[in-house]
Amino acid sequence: MAESVAQQQLARAGATGKRRRRVFKDGKGWLFVGPFLAVFAVTFLAPIGYAIYLSLYRNQAFFGGTVFVGLDNYTQALQDPKFWEAFGRVAVFLVVQVPIMLVLALLAALAIDSARLHAAGFFRIVIFLPYAVPGVVAVLMWGYIYGDNFGLAANLNDLLGTTAIQPLSGTWMLPSIANIVTWEFVGYNMLIFYSALRTVPGELYEAAAIDGAGTFRTILAVKLPALRGAIVIATIFSIIGSFQLFNEPNILRTLAPNVITTYYTPNMYAYNLSFAGQQFNYSATVAIVMGIITAIIAYVVQLRGSRESL
Amino acid sequence: MKSHRWGIRRLVVAGAALTALAVLAACGGGSKTDSAGGGTTTGSADAVDAALKAGGEITYWSWTPSAQAQVTAFMKQYPNVKVNYVNAGTGNDHYTKLQNAIKAGSGAPDVAQIEYQALPQFALPGSLVDLNQYGFSQYESAYTASTWAAVHAGSGLFGLPQDSGPMALFYNKEVFDKYGITVPKTWDEYVAAAKKLHAANPKAYITNDSGDAGFTTSMIWQAGGQPFKTDGKNVTINLQDDGSKKWTGMWNQLVEGGLVSNIPGWTDEWFKALGDGTIATLPTGAWMPGVMESSVKAGAGKWAVAPMPTYDGQPATAENGGSTESVLKQSKNPALAAAFVRWLNHDEGVKPFLASGGFPATTADLKDPAFVDKTSAYFGGQKINQVLTAAAGTVVKGWSYLPYELYANSIYGDTVGKAYQSKSDLNAGLTSWQDALVKYGNEQGFQVNG
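This one's a predicted model, so the numbers in the text were calculated from it and none came from an experiment.

Another aspect to go through is the overall build of chain A. Along chain A, the regular secondary structure elements total 13 helices and two strands. Its C-alpha atoms give chain A a radius of gyration of 25 Å, more than 25% over the compact-globule value 19 Å for 310 residues. With respect to the principal axes defined by its C-alpha atoms, chain A has extents near 70 × 70 × 30 Å. Within chain A, buried positions represent 31% of all 310 residues.

Below, the structure is given as structure tokens:
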């Protein structure tokens, strides 16, 4: 079956190849692609180009002019302990939080898809609901829960007679943020997995049942292979999301100003360099370096993911 | 963070002091009108009056609660002038937009609100108009010495003061009475009170300090420190000078001893803690009563105001917060913009400002018996303005902020914050703050010694 699909695709590619040449001549195709290209260029290529341009200069906020410094900003960024501290933090976040979140999402999707759950639609919407809460509101809400002076954490401490629960302290801040992010995005990832599961043809389940496969066997042999593409996609989204971590720590910063530094995550660092320090050039450099690292890691995951699926 | 809070403070102040409205409105004129006419005829001062007569259109950015009322009143008085009032955001949002417009070379307003601590950051790179050329130096006698100094950078005059925040000690009398604590006159007594209170009730703290650059600089100011000196491009930073060490020597006892609460200011927890006795005192600016009346309702009748504790028992205080209005270089009609600034903070504009509950910088209003002797119901009938206006006269002289104070404040938590977190020596934190500030200043075109 795979072969025949590939052949069909080849044949189709040949046909469009011929057609494309004709289209090029009279330029009609550009009329169709034009609007997209224009928007793409203005909103995507131009900002990236401008950021790259900025990253090659250095400007003094006071008295100074702008000088071309080549790749100096990049060498500075690569040796910047603050940048690497921020990067290290989101890397730890990625390695710990993303697997937890995706496994939870997977379990939820399998449970809802199992057809053994009563009111599956209800659970689906409830698990998804946190994603519909604006991130800013969600973090404020969690801020009340985490508060160890008057919040839920304080009440628990009172109840247990300890002061051990301090979600906003230096030690627990990252897990606290991970908890918020997990709460927010389990439903979103569950929906990706669930929709992938819905596309599994019923014949496969019938075949598995005829072969005597039980529930877990069906999950391992049918459902998980079918989910592989969705898992790769969800992982890539989560990698990008982790590296771009900003909202949650930035809002919690008002509650724990000493724990969350201005360079807590790479994005916060770039933001504060630019808006508090007027170091626009260096800020652009940090953003580009982070973008490149994210792209490389996401690409590696995608390559690996698709190789396995072949 | 600091400026953010300032916005909240302003907003809540707006709602407060309605009782003061009628009284204050009656006293707005008086001695101020003498100089309001600006009779002295230097050539450029005439230009201001001429511009006002000719009329025109200007844009004004501000987040003060009185701004809209002031603009409306101004246009009523001068129908040929159109003022476009824009609230471009509070604190840092406002400054970010302003900075971007300045950098872009267009889009900046003619007149903008700027906090005293942020003034050098805009004045020194030449973004603001020196109002000396319009003869505004003649208004010196109308303002308190400290606010008049705050609107200067180098020899330039870059605005007229709008409000002021001389610091005083706000304390919860109920808590003090309960634990037999007397109002501290010196910082030694304050530290002793902190120990006594926390020992008696482990949940109560003398005050909160989770690391606040604005508070720290004001406290160093009160201790006689002058850590920041600017002369053109040359900046000297010494956060280990005598005054700074005097403050850390005292405040370290509270931080290291775990005697201050770590509740950050301007959060819900903070307002709650002020109301229920968890936080027993606040050494802060004179704008605080309005905030407490509107946001700490549970504290009504419990709180009182005393002069700031000092190191030697002699009265001394510092400013905390406050804003001016400045004319931007980008303005196409700087003379008209200057006329608007003069009206706002020297002439009739002061009335709507006071009506919105502001604490003035104008000496005439600070001396007005109707203002000074007003009793405050919230503060148990105490005539709090007697304490606060007296404080305005005892502000230690010679202070100046860094020319990049906003940036400095933004990285305070990164550096000194660690000392608060680990309850360790603030001097180590101040030193790392200083190092970061020296590095930044040198990168941005200053010659910084530190």
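That was the structure; now back to the text.
All names here are of chain B. Here lysine 103 is to be found in helix α6 (residues 92-104). For lysine 103, a count of 14 C-beta atoms within 10 Å translates into the label partly exposed. C-alpha separation for the pair lysine 103 and serine 127, spaced 24 residues apart in sequence, amounts to 9.6 Å.

Further remarks concern the domain arrangement of chain B. By convention, interface size is frequently given as the accessible area that disappears when the constituent parts associate. Residues and elements named next belong to chain B. Under the domain assignment used here, chain B contains domain 1 (2-165 + 322-380) and domain 2 (167-319 + 395-449). Taking only C-alpha atoms, the centre of domain 1 and the centre of domain 2 are 27 Å apart. Of the residues lining the interface, 27 residues belong to domain 1; the matching set on domain 2 comes to 30 residues. Mapped by element, the contributors of at least two residues to the side of domain 1 that touches domain 2 are α1 (2-15), α7 (119-123) and α8 (145-150). Ranked by residue count, the leading element in the side of domain 1 that touches domain 2 is α1, at seven residues.

Residues and elements named next belong to chain B. If you walk across this open sheet you meet the three strands as β12-β7-β13, and the pairing is antiparallel. Each edge of the open sheet is held by one strand with a lone partner, namely β12 (281-285) and β13 (303-307). In this sheet, adjacent strand axes meet at a mean angle of 30 degrees when their direction is disregarded. With five bridges connecting them, strand β7 (residues 167-172) and β13 associate as antiparallel partners.

Rules used throughout
- Residues numbered from 1 in each chain as written.
- Chains lettered and ligands numbered in written order.
- Predicted model: local features only at pLDDT ≥ 70, side-chain atom pairs only at ≥ 80, totals over all residues.
- Helix = DSSP H or I, 4+ residues; strand = E, 2+ residues; numbered from the N terminus.
- Rg over C-alpha atoms; globule rule 2.2 N^0.38 Å.
- Buried ≥ 20, exposed ≤ 12 C-beta atoms within 10 Å, placed from the backbone.
- Domains from an automatic or database assignment.
- Contact = placed C-beta atoms within 7 Å.
- Pairing = 2+ DSSP bridges.
- Axes fitted to C-alpha atoms, helices over the stretch in contact; angles between N-to-C directions.

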